[in-house]
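If you want the building blocks of each chain, they are given just below.
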Amino acid sequence: SYVESFEIDEHPHDDLMDLSKYTSDDQVNIFRTLLPMVPMALFSHGLVNQWEKNTPVCLSKYAVNMFRGWDPDAVVLTDDLQMQGVQKLMNTETACVRALEAGADVILLGHNMLDEQAKSVQFARKVANAVESDPRCRANFEASLKRIQKMKAAAQHEHRLLHSPASSPKSG
């Protein structure tokens, strides 16, 4: 079975799932195999310390760069940055900027773990400030826009092909 048991790293970050012992090349290569069919992945906040010590995968430059090495156009989504695993390490605002720094394309905030909806504009401003002040963040942001636009265009093209009159069954 592919499902593994996981241990919780009880120190120093309660509720963080340390996947370090369970992350094999075979498991990682599953993502590489699926990438041509699904050009995106949601990165969890589990820790893989051999990649980046005490850094959730969704905030890991190493993990994003490895994934993008397989396909530079692949889209990376963070897991919900308000979940306890990330919150044990940093607040939501900091996590949003760290996700941008790591190269994530889509930053998810569920507002079901923490009610921070009133702070969403503040988080967006903090990310915008990072884009304005840090050339690396600006480059990541611009690259993210291109990846998302490319994926959207491909999805629209596929939708048109599937729903064009030429693809409809002929009646007769």
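Everything numeric in this text was worked out from a predicted model, so none of it was measured.

Draft legend 1. The arrangement of the overall build of the protein chain in detail. Helix and strand content of the protein chain: 6 helices and 4 strands. Moving toward the C terminus, one meets the helices and strands of the protein chain in the order β-β-α-β-α-β-α-α-α-α. Sequence-distant contacts, at least 24 apart, represent 66% of the contacts inside the protein chain between residues at least 6 apart. Within the structure as shown, the protein chain displays about 10800 Å² of accessible surface, and the carbon and sulfur contribution to it stands at 56%.

Draft legend 2. Highlighting the nonpolar core. In this structure, Phe43, Leu59, Phe67, Leu81 and Val86 are the most contacted members of the largest nonpolar core, which totals 28 residues. Of all elements in the fold, only β3 (40-43), α2 (61-70), α4 (92-102) and α5 (120-133) reach the threshold of two or more residues within this core. Looking at this core element by element, the count peaks at 6 residues for α4. Setting aside chain neighbours within four positions, we find leucine 59 in contact with Glu52, Leu81, Val86, Met90, Ala95, Arg98, Ala99 and Ala102.

Draft legend 3. Representation of the side chain of threonine 92 within the structure. Mapped onto the fold, threonine 92 is located in helix α4. With sequence-adjacent residues up to four places away left out, threonine 92 is seen in contact with Leu81, Gln82, Gln87, Leu109, Leu114, Glu116 and Phe123.

Draft legend 4. Spotlight on the layout of surface pockets. Within this model, the second largest pocket holds a volume of roughly 220 Å³. Along the wall of the second largest pocket there are 14 residues; nearest its centre are Leu100, Asp105, Ile107, Val127 and Phe141. Of all the secondary-structure elements, those providing two or more residues to the lining of the second largest pocket are α4, α5 and α6 (135-162).

Draft legend 5. Expanded view of a nonpolar patch on the surface. A cluster of nonpolar side chains, namely Ile30, Phe31, Leu34, Met37, Val38 and Met40, defines an oily patch on the protein surface of about 540 Å² accessible area. Tracing the backbone through its elements, the reader meets valine 38 in the loop between α1 (25-34) and β3.

Draft legend 6. Representation of the packing of aromatic side chains. A full pass over the atoms with the stated rule returns 3 aromatic pairs. Ring geometry for phenylalanine 67 and tryptophan 70: centres 6.0 Å apart, planes at 70°, overall edge-to-face. Highlighted residues: phenylalanine 67 and tryptophan 70, both in helix α2, separated by 3 residues, approximately one helical turn. Here the aromatic cluster, defined as three or more aromatic residues joined through ring pairs, consists of Phe43, Phe67 and Trp70.

Draft legend 7. Region of the structure containing the environment of valine 48. Looking at where valine 48 falls in the secondary structure, it is placed in the loop between β3 and α2. The residues touching valine 48, leaving out its near neighbours within four places in the chain, are Leu19, Ser20, Thr23 and Val57.

Conventions we followed
Residues numbered from 1 in each chain as written. Predicted model: local features only at pLDDT ≥ 70, side-chain atom pairs only at ≥ 80, totals over all residues. Heavy atoms only, no water. Helix = DSSP H or I, 4+ residues; strand = E, 2+ residues; numbered from the N terminus. Contact = heavy atoms within 4.5 Å. Areas by Shrake-Rupley, 256 points an atom, 1.4 Å probe, with all protein chains shown as cover. Core = buried A, V, L, I, M, F, W, Y, C linked by side-chain atoms within 4.5 Å. Buried < 20%, exposed > 50% of the residue type's maximum accessible area, 1.4 Å probe, protein only. 1 Å grid on protein atoms, 1.4 Å probe; cavity = no way out; pocket = protein on both sides within 12 Å on 5 of 7 lines; lining within 4 Å. Points joined across faces, edges and corners; volume = space filled by probe spheres on them. Patch = residues over 30% accessible without salt bridge, like charges linked within 9 Å, V, L, I, M, F, W, Y side chains within 5 Å. Salt bridge = Lys/Arg side-chain N within 4 Å of Asp/Glu carboxyl O. Phe/Tyr/Trp six-rings, centres within 6.5 Å; stacked < 30°, edge-to-face > 60°.

Distances and angles like these do not, on their own, reveal function.
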